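Reading the structure
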Amino acid sequence: MRVGLYPGTFDPITLGHIDIIRRASVLLDRLVIGVAINRDKGPLFDLEERVAMVEAECAKLSDQTEIEILVHPFENLLIDCARDVGAQIIVRGLRAVADFEYEYQMVGMNRQLDDSIETVFLMAEAQHQAIASKLVKEIARLDGDVSKFVTPQVNTELMARLGKG
């Protein structure tokens, strides 16, 4: 069984994330979405809220793709999380060259920690390449329309959190 881990903060989950999840689903038998606690980023949504949003969006995808998609919160090393969930593959989404430089370093470090776990990079579709959770939150805070970047349910939750709904 091919098990992959797609890690991220998902604060909030965007259409770019969903695109990568959908595309990774065709490569794997089981996909685990690792929701990072990452206190250093100061997320807008707490862990339970982010997990609930990811679970809601992934339930739809799991039905469409017919593969098992699980959500797993984690705070340890990414490579340890991959071991914990039995993943042989770490899935990473790329948007731009700047992403690649950071990810390249991460792959090198992860390979030093466990060379049996491969990393696969997926490019987001062109219409999703500029989407970043950080930018989505900033646009929403400044009363911009983020409905092109997130699902209707996530948009509702984002507006409510920002007191704009």
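Before going into details, it helps to say that this report is about the structure given with it. What you see is a predicted model; the values in this text were computed from it and never measured. (Residues numbered from 1 in each chain as written. Predicted model: local features only at pLDDT ≥ 70, side-chain atom pairs only at ≥ 80, totals over all residues. Heavy atoms only, no water.)

1. Some words on the nonpolar core
Counting residues in each nonpolar core, the largest one holds 36 residues, and the members touching the most others are Ile21, Leu31, Ile33, Val91 and Leu158. If you list the elements that add at least two residues to this core, you get helix H1 (15-25), strand E2 (30-36), helix H2 (47-65), strand E3 (68-74), strand E4 (89-94), helix H5 (133-141) and helix H6 (152-161). It is H2 that provides the largest number of residues to this core, a total of six residues. In this structure, Ile33 is in contact with Tyr6, Phe10, Ile21, Val54, Cys58, Ile69, Leu70, Val71 and His72, ignoring residues within four places of it in sequence. By size, the runner-up hydrophobic cluster in this structure holds 13 residues, among which are Phe74, Cys81, Val85 and Ala87. (Core = buried A, V, L, I, M, F, W, Y, C linked by side-chain atoms within 4.5 Å. Buried < 20%, exposed > 50% of the residue type's maximum accessible area, 1.4 Å probe, protein only. Helix = DSSP H or I, 4+ residues; strand = E, 2+ residues; numbered from the N terminus. Contact = heavy atoms within 4.5 Å.)

2. Focus: the packing of H2 against H6
In a packed pair of helices, the relevant descriptors are the angle between the two axes and the axis-to-axis distance. Running from N to C, H2 and H6 cross one another at 160°; their axes reach a closest spacing of 10 Å. Considered as vectors, H2 and H6 are oriented roughly antiparallel to each other. Read as a crossing pair, H2 and H6 show a hand that is right-handed. Taking contact as the criterion, the partners of Glu49, Met53 and Glu57 in H2 are, on H6, Gln153, Val154, Glu157 and Arg161. Residue classes in the contact of H2 with H6 are distributed as two nonpolar, one polar and four charged. (Axes fitted to C-alpha atoms, helices over the stretch in contact; angles between N-to-C directions. Parallel < 35°, antiparallel > 145°, perpendicular 65-115°, else oblique. Left-handed = near helix turned anticlockwise from the far one by under 90°. Nonpolar A, V, L, I, M, F, W, Y, C, P; charged D, E, K, R; others polar.)

3. Let's talk about the sheet that holds E3
Strand order in the open sheet formed by five strands is E3-E2-E1-E4-E5, and the pairing between neighbours is parallel. Whereas interior strands pair on both sides, the edge strands pair on one side only; in this sheet they are E3 and strand E5 (118-123). Neighbour-to-neighbour, the strand axes of the sheet open up by a mean angle of 30°, direction not taken into account. Against the sheet, H1 engages strand E1 (3-8), E2, E3, E4 and E5, with an angle of about 120° to E5. Along the sheet, helix H3 (residues 78-85) makes contact with E1, E2, E3 and E4, crossing E1 at roughly 140°. (Pairing = 2+ DSSP bridges.)

4. Overview of unusual backbone geometry
The peptide bond linking Asp11 to Pro12 adopts the cis configuration, its omega dihedral lying at 0°. Along the chain, Pro12 turns up in the loop between E1 and H1. Although it is not a glycine, Asp143 adopts a positive phi angle of roughly 65°. Looking at where Asp143 falls in the secondary structure, it is placed in the loop between H5 and H6. Here Asp143 falls in the exposed class, since its relative accessible area comes to 61%.

Remember that the coordinates give geometry; whether it matters functionally is a separate question.
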